[in-house]
Amino acid sequence: MLQITGKTCLTGLLGSPVDHSISPLMHNFSFEALGMNWVYLCFDVKEDRLEAAVQGLRALQVKGFNLTMPNKNKILDYLDELSPAARLIGAVNTVENRDGCLIGHNTDGIGFMQSVKEQGIQMQGETMTLLGMGGAATAICAQAALDQVETIHIFARSGSRHRFRMEGLQKELAKETACTIEFHDLESEGELQKALAKSRLLVNATSVGMAPDIEKSLIPDASFFHKELAVADIIYNPWKTKLLCMAQQAGCKAFNGYPMLIWQGAEAFRIWTGQDMPVERVRAYMKKQ
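Worth saying up front: this structure is predicted, and the values here are computed from it rather than measured.

Enquirer: Looking at this model, I keep getting lost on helix H5 (residues 135-146). Mind explaining?
Expert: The α-helix winds at 3.6 residues per turn, so residues separated by three or four positions along the chain end up facing the same way. Between its first and last C-alpha, H5 extends 17 Å over 12 residues, near the 16 Å set by a 1.5 Å rise per residue. The buried fraction of H5 is high, at 9 of 12 residues. Within the sequence span of H5, burial applies to Ala-137, Thr-138, Ala-139, Ile-140, Cys-141, Ala-142, Gln-143, Ala-144 and Ala-145. Among the residues trailing H5, Gln-148 stands out with phi positive, at a value near 70°.

Enquirer: How should the sheet that holds strand E6 (residues 101-105) be read in this particular structure?
Expert: Hydrogen bonding along the main chain pairs the strands of a sheet, whether they run parallel or antiparallel. Judged by pairing direction, the sheet is mixed, and its 6 strands sit side by side in the order E2-E1-E3-E5-E6-E4 without closing on themselves. Edge positions in the open sheet fall to strand E2 (38-44) and strand E4 (81-82), since each of these has one partner strand only. In this sheet, E2 lies alongside strand E1 (residues 9-15) in parallel orientation, the contact comprising 7 bridges. Looking at the pairing, Cys-9 lines up with Trp-38 of E2. Taken strand by strand, helix H1 (residues 23-33) contacts E1, E2 and strand E3 (64-67), and its axis lies near 165° from that of E2. Along the sheet, helix H2 (residues 50-59) makes contact with E1, E3 and E6, crossing E1 at roughly 175°.

Enquirer: Looking at this structure, how should I read the sheet that holds strand E8 (residues 151-156)?
Expert: One open sheet holds the 6 strands; their spatial order is E9-E8-E7-E10-E11-E12, and the pairing between them is parallel. Every interior strand has two partners, whereas the edge strands, strand E9 (180-185) and strand E12 (254-255), have only one. Contacting E8 and E9, helix H6 (residues 163-176) crosses the sheet at an angle of about 160° to E9.

Enquirer: For this particular structure, what's the right way to read H2?
Expert: All of the buried residues in H2 are Leu-50, Ala-53, Val-54 and Leu-57. Buried residues of H2, viewed axially, fall in a sector of 95°; they line one side. Turning to H2, the residues buried within the fold contact E1, E3 and E6. Once H2 finishes, Gln-61 follows within two positions and takes phi at roughly 60°, a positive value.

Enquirer: Explain the nonpolar core to me, please; I cannot follow it from the model alone.
Expert: Looking at soluble globular proteins, one finds that nonpolar side chains tend to be buried together. In this structure, Met-128 and Ile-152 are the most contacted members of the largest nonpolar core, which totals 37 residues. It is H5 that contributes the most residues to this core, 7 residues altogether. Look past the residues within four positions of Met-128 in its chain and what remains in contact with it is Met-113, Met-123, Ile-140, Ala-144, Val-149, Thr-151, Ile-152, His-153, Ser-199, Leu-201 and Val-203. Ranked by size, the runner-up nonpolar core spans 21 residues in total, among them Cys-9, Trp-263, Trp-272 and Val-282.

Enquirer: Would you explain the packing of aromatic side chains in this entry?
Expert: Inspection of the entire model under this criterion finds 6 aromatic pairs. When the centroid spacing of 4.4 Å and the interplanar angle of 15° are considered together, the rings of Phe-29 and Tyr-285 count as stacked. Linking Phe-29 in helix H1 with Tyr-285 in helix H10 (residues 279-288), this pair joins segments that are 256 residues apart in sequence. In this structure Tyr-285 comes out as partly exposed when scored by relative accessible area, which is 24%. Consider the rings of Tyr-40 and Trp-272, whose centres lie 6.1 Å apart with planes at 40°: the pair is tilted. Note that Tyr-40 is positioned in strand E2 and Trp-272 in helix H9 (residues 258-273), a separation of 232 residues in sequence.

What counts and what doesn't
- Residues numbered from 1 in each chain as written.
- Predicted model: local features only at pLDDT ≥ 70, side-chain atom pairs only at ≥ 80, totals over all residues.
- Heavy atoms only, no water.
- Helix = DSSP H or I, 4+ residues; strand = E, 2+ residues; numbered from the N terminus.
- Expected span 1.5 Å × (residues − 1).
- Buried < 20%, exposed > 50% of the residue type's maximum accessible area, 1.4 Å probe, protein only.
- Pairing = 2+ DSSP bridges.
- Contact = heavy atoms within 4.5 Å.
- Axes fitted to C-alpha atoms, helices over the stretch in contact; angles between N-to-C directions.
- Arc of directions from axis to C-beta.
- Core = buried A, V, L, I, M, F, W, Y, C linked by side-chain atoms within 4.5 Å.
- Phe/Tyr/Trp six-rings, centres within 6.5 Å; stacked < 30°, edge-to-face > 60°.

Distances and angles like these do not, on their own, reveal function.
Put into structure tokens, the structure is as follows:
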């Protein structure tokens, strides 16, 4: 059992709500497994109290902390530096305290791309189709471009409130990568079929299909798939969305967002501690909870 001492290092999560988070289980198990005198706690902090919370954590010399909604964007106002990915995405989910300097990172895209590699899928020079323009889609798009994905087709509903932000990301990525990003209306099934025919990977980065609305899918039917297409859904409740079920029936490799959740946490762990999270042991432990 972890023994709290005068030398215990603190990390944690700021957001609201946070009582559902699995991050304490994941990180505290890892600290104990590696014999580290660290602890991870959750703090229910809304956006209007974020500045005070960050000032307090800085004064307490915490090693770092995570952000979840609604704080991923607002935190930018209180940081000293941003990683390249966080700067491009315009959102932070991990903060590193480096000798009093608070550095913002975004590990969501890294976590997703690592989950893709774990499936044996190499995306360098390949084409991806991405559904959605929200925060998760932005992080995935940015990291995919940085990881040398050649083309990303982004489909969203016409009039998406996230369009302006994604267009800004497109311009920034054009300066720093060779990735081509094309926007399409989700209502255009013909364009969707053409994009998928060229794609190695389809990613649903929206909440469509999440419980309780488990009978919904942005892909109309299995005729949109081909066997060389891998299909990812960032949702993991339900474990298999309608989209993933259709993909498997069509012979596609299909996986949900749980590996992304684990790997984004593993990247935050590495940033704070300089050590690798024991991912397989974490997975085995989480299955028992």
